[in-house]
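Structural characterization, general
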Amino acid sequence: MKTSGNGQKGSGRLVSVVLLLVVVLGVTYFISTRNASLLNAFHTVKESTQDAATTSRVRTALLLSKNVSPFDIKVETAQGEVTLNGQVPSAQIKAVAGAIVQDTSGVKEVHNNLGINPSTTRNAETEGLGERVADLEIKTLVSARLAENTDLAEKHIATDVKNRTVTLSGTVQNVSQKYAADQIAWQVAGVQGVMNNLSANDAQTNPETADDKLARRVEFELYSTKAISLKAVQIHADNGTITLTGNVSSLAEKLLAEKTAQSVEGVRKVVDRLAAPDEAQS
């Protein structure tokens, strides 16, 4: 009888161990599958958020393009792959749109499904968005640089920009400050013109001279070459003689500056004192 009792106890323990093992395995399986589901859900949300951000960046980039913005282009992103749908009037614009998207952060691949339809109409509302953004950027930069200038920071100069032309208005103390504001505006990238409507308090006692106006014309022509940085160049006019001083990046830039100054109406002579790093090697 003792032996039988011991056998029953041993069988009972074995059953208990088996049941416990089944429960542990069941709980482990439940936890692992639940964690996997939660992990998959987390990855799905993360990818969805990243794709939404990528779509937003792509749409912004397309709207800032003067060539692409006038046309209705639908953008969809899935796992970093961007698909473009819609119609544009030419293969060139389709290629430009594709290149813009490919260059956008977060884009892994581009599926350019844009159709080519020469009769596609332009959207006037979005067409000018790129220019408006460019004007806003220029206005912000000009205002910031005027505020950084110790002589102009407290002058409350109003800045307006339209079609990349800067209009300055307000009052400064003297003509030198008016000219300095003019130079600051010209040195901002993207500026295509400056209308300096600033009033100088000493304008009657110290009016802008013909030499001042000539120096400004030379400065405009140098800027218009798009090849000469005026940040380190000073221009002085004296009775028709233009003196250029400062630093340029190359001998070719120095020669171009001199030739451009000589071409300005009213300039009789150019004294070129610009320093170029490769000048000594010539």
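Refer to the preceding data block for the structure.
Summarised in this report is the structure supplied together with it. (Residues numbered from 1 in each chain as written. Predicted model: local features only at pLDDT ≥ 70, side-chain atom pairs only at ≥ 80, totals over all residues. Heavy atoms only, no water.)

**Section: the overall build of the chain**
Each helix and strand counted, the chain has seven helices and ten strands in total. Within the chain, residue pairs in contact and separated by at least 24 positions form 65% of the contacts whose partners lie at least 6 positions apart. Carbon and sulfur atoms form 54% of the exposed surface of the chain, whose accessible area is close to 17,400 Å². (Helix = DSSP H or I, 4+ residues; strand = E, 2+ residues; numbered from the N terminus. Contact = heavy atoms within 4.5 Å. Areas by Shrake-Rupley, 256 points an atom, 1.4 Å probe, with all protein chains shown as cover.)

**So, the packing of aromatic side chains**
Taken as a whole and assessed by the stated rule, the structure comprises one aromatic pair. For the ring pair Trp186 and Phe220, a centre distance of 5.0 Å and an interplane angle of 65° mean the geometry is edge-to-face. Of this pair, Trp186 sits in helix α5 (residues 175–186) while Phe220 is found in helix α6 (residues 210–224), placing the two residues 34 residues apart along the sequence. (Phe/Tyr/Trp six-rings, centres within 6.5 Å; stacked < 30°, edge-to-face > 60°.)

**Points about the environment of Val264**
Residue position: Val264 is located in the loop between α7 (251–262) and β10 (269–275). For the pair Val264 and Glu219, spaced 45 residues apart in the sequence, the C-alpha separation amounts to 9.9 Å. Those residues in contact with Val264 that sit more than four places away from it in its chain are Leu214, Arg217, Val218 and Glu221.

**Focus: the packing of α5 against α6**
Contact geometry of α5 with α6 gives a least axis separation of 11 Å together with a crossing angle of 5°. Here α5 lies roughly parallel to α6, going by the angle between them. Listed contacts from α6 to Tyr179, Asp182, Gln183 and Trp186 of α5 are Ala215, Arg216, Glu219, Phe220 and Tyr223. Tallied by class, residues from the contact of α5 with α6 come to five nonpolar, one polar and three charged. (Axes fitted to C-alpha atoms, helices over the stretch in contact; angles between N-to-C directions. Parallel < 35°, antiparallel > 145°, perpendicular 65-115°, else oblique. Nonpolar A, V, L, I, M, F, W, Y, C, P; charged D, E, K, R; others polar.)

**What about the side chain of Lys254?**
Along the chain, Lys254 turns up in helix α7. Among the polar contacts listed, one links the side chain of Lys254 to the side chain of Asp272, at a separation of 3.4 Å. (Polar contact = N/O pair within 3.5 Å; in protein donor to acceptor, adjacent residues only side chain to side chain.)

**Quick word on the pairing of β10**
A one-sided burial pattern is seen for β10, the buried positions being Val270, Asp272 and Leu274 and the unburied ones Lys269, Val271, Arg273 and Ala275. Sheet topology places strand β9 (residues 241–247) next to β10; seven bridges connect them, and they run parallel. Bridging from a neighbouring strand, Thr245 pairs with Arg273 of β10. Following the chain from β9 across α7 to the adjacent parallel β10, one finds a crossover that is right-handed. (Buried < 20%, exposed > 50% of the residue type's maximum accessible area, 1.4 Å probe, protein only. Pairing = 2+ DSSP bridges. Right-handed = clockwise from strand over helix to strand, strands pointing away.)

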